[in-house]
Amino acid sequence: MKNKKGFWALNIGLLYILPWLVGFILFKVYPFASSLVYSFTNYDLFNGITKTGLLNYEKIFTDEDIIRSFAVTFKYAIFDVPLKLAFALFIAYILNFKLKGVNLFRTAYYIPSILGGSIAIAILWRAVFNTDGLINTVIGFFGGPKINWMAGDMSALMVIVLLRVWQFGSAMVIFLAALKGVSEDLYEAASIDGAGKWTQFFKITVPLITPVIFYNLITQLCQAFQEFNAPFLVTKGGPNGATTLISMLIYNNAFLRHKMGMASAQAWILFLIVMTMTAVAFISQKKWVYYSDEDGR
């Protein structure tokens, strides 16, 4: 007993984080490890495991629907990430000016990021792009024809892309903090040399905030490949699977078809894709991310 008391007395911090450690092991480590095991089986929620091997991975690389789902996910990320980062940086740049009531605008632009993840907003977004929704009403006001946004492959995909681009607030706040860290002396010196606003932006602002651009790139890339709510609630994966992202396909296999083995294999392929793209981004940062030295140069 003395040894036990002595151990806990010397490791009181471990005692405090013990509840978190238990939860982390039960709800993070165990599912992570078990999914890898299940990915090599045909584990069914009701029939259990009857086969083992690479059967799931073989199907992933040969099944046209699965391949298309991965392709759609890449297409979604290609549109979503650059648009979101560009829009967030543009708004942050404007809000960085000393304007009257700028704090109110900063709050207003951040609100969509708070509300965007809710089910109600996704349903509202579907109503906005409905045939008789707000977008078509505005188009009709100017004499344009009604558009069935959910019927076309590309238009349906752009609907869910715009929903996530609309939630640019988190990236904007980070960009805004980075912009405020750029010294005014650099802009004053550039102005004296005759540099305009666009030149200052691309020659001074962008290079100095590239570490923040890189951070937002990684976080938004990971979010894009894990997107689920928008296609599930707004387009329901349609039309004809045009917006069935891989996360939605994983959900369908796991909880609708009860094929946990296949869902686990797809989740691991998604994990490897995200990890590979993140690694490529980290390798490429040496060529375009500017880090100042300890002297701030």
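The structure this text deals with has already been given above.
One structure accompanies this document, and this report is about it. Source: prediction; values computed, not measured.

The rules behind the values
Within every chain, residues take consecutive numbers counted from 1 along the sequence as written. Given that the model is predicted, a residue must reach a pLDDT of at least 70 before its local features are reported, and side-chain atom pairs must reach 80 or more before they are shown or counted; all residues, however, enter totals for whole chains, interfaces and linings. Side-chain numbers come from the whole structure's heavy atoms, not from hydrogens or water. Starting at the N terminus, helices and strands are each numbered in turn, a helix being any DSSP run of H or I of at least four residues and a strand any DSSP run of E of at least two. Throughout, a residue-residue contact means that at least one pair of heavy atoms, one from each residue, lies within 4.5 Å. Only Phe, Tyr and Trp rings take part, Trp by its six-membered ring, and two of them pair if their centres are within 6.5 Å. Stacked means planes under 30 degrees apart, edge-to-face means over 60, and tilted covers everything else. The nonpolar core is taken to be a set of buried Ala, Val, Leu, Ile, Met, Phe, Trp, Tyr and Cys residues, with the residues joined through side-chain atoms within 4.5 Å. When a residue's accessible area, from a 1.4 Å probe over protein chains only, is under 20% of the maximum for its type it is buried; when over 50% it is exposed; and in between it is partly exposed. We define a polar contact as two N or O atoms separated by no more than 3.5 Å, with the added condition that, inside protein, one atom must be a possible hydrogen donor and the other a possible acceptor, whereas residues neighbouring each other in sequence contribute only through side-chain atom pairs. A fitted line through C-alpha atoms represents every axis, and for helices the fit uses only the stretch in contact; the resulting angles, taken between N-to-C directions, go from 0 to 180 degrees. Small angles under 35 degrees read as roughly parallel and large ones over 145 as roughly antiparallel, with 65 to 115 read as roughly perpendicular and the rest as oblique. Crossing handedness is read from the near helix: turned anticlockwise from the far helix by less than a right angle, it gives a left-handed crossing, and turned clockwise, a right-handed one. Gly is put with the polar residues, along with every residue not named as nonpolar or charged; the nonpolar set is Ala, Val, Leu, Ile, Met, Phe, Trp, Tyr, Cys and Pro, and the charged set is Asp, Glu, Lys and Arg. Whenever Lys or Arg places a side-chain nitrogen within 4 Å of a carboxyl oxygen from Asp or Glu, that contact is recorded as a salt bridge.

## Thoughts on the environment of Gly169
Part 1 of the argument: Residue placement: Gly169 occurs in helix H9 (residues 169-180).
Part 2 of the argument: As a C-alpha pair, Gly169 and Asn96 span 73 residues in sequence and 14 Å in three-dimensional space.
Part 3 of the argument: In this structure, Gly169 is in contact with Tyr109, Tyr110 and Ser113, ignoring residues within four places of it in sequence.

## Points about the packing of aromatic side chains
Part 1 of the argument: A complete count under the given rule lists 22 aromatic pairs for this structure.
Part 2 of the argument: Each ring, one from Phe214 and one from Trp288, has its centre 6.1 Å from the other, and the planes form 65 degrees; the classification is edge-to-face. Residue Phe214 is located in helix H12 (residues 210-225), and its partner Trp288 is located in helix H15 (residues 260-288); the two are separated by 74 residues in the primary sequence.
Part 3 of the argument: Grouping aromatic residues by their ring pairs yields a cluster made of Tyr93, Phe97, Trp198, Phe201 and Phe202.

## Section: the nonpolar core
Part 1 of the argument: Ile60, Phe175, Ile209 and Val234 are the most contacted members of the largest nonpolar core, which totals 63 residues.
Part 2 of the argument: Those residues in contact with Ile209 that sit more than four places away from it in its chain are Leu89, Phe175, Ala178, Leu179 and Val182.

## Looking at the side chain of Asn56
Part 1 of the argument: Structurally, Asn56 can be placed in helix H3 (residues 55-60).
Part 2 of the argument: For Asn56, a relative accessible area of 6% gives the class buried.
Part 3 of the argument: At 2.5 Å, the side chain of Asn56 and the backbone oxygen of Thr41 are in polar contact.

## As for the packing of helix H14 (residues 246-256) against H15
Part 1 of the argument: H15 packs onto H14 with a crossing angle of 160 degrees between their chain directions and a minimal axis gap of 7 Å. Considering the angle they form, H14 stands roughly antiparallel to H15. In the packing of H14 onto H15, the handedness of the crossing is left-handed. Residues Ile246, Leu249, Ile250, Asn253 and Ala254 of H14 form the contact with H15, whose own contacting residues are Met260, Met262, Ala263, Gln266, Ala267 and Leu270.
Part 2 of the argument: Along the lines of polarity and charge, the residues of the contact of H14 with H15 split into nine nonpolar, two polar and no charged.

## Remarks on the pattern of salt bridges
Once the charged atoms of two side chains with opposite charge are near each other, the side chains can pair.
Part 1 of the argument: Taken as a whole and assessed by the stated rule, the structure comprises three salt bridges.
Part 2 of the argument: With a closest N to O distance of 3.8 Å, Arg68 and Asp153 form a salt bridge. Taken as a pair, Arg68 in helix H4 (residues 64-95) and Asp153 in helix H8 (residues 153-165) lie far apart in primary sequence, 85 residues in all.
Part 3 of the argument: Arg164 is the partner of Glu227 in a salt bridge, and the nearest nitrogen-oxygen pair spans 2.8 Å. Linking Glu227 in the loop between H12 and helix H13 (229-235) with Arg164 in helix H8, this pair joins segments that are 63 residues apart in sequence. The residues Glu227 and Arg164 share a single accessibility class, namely buried.

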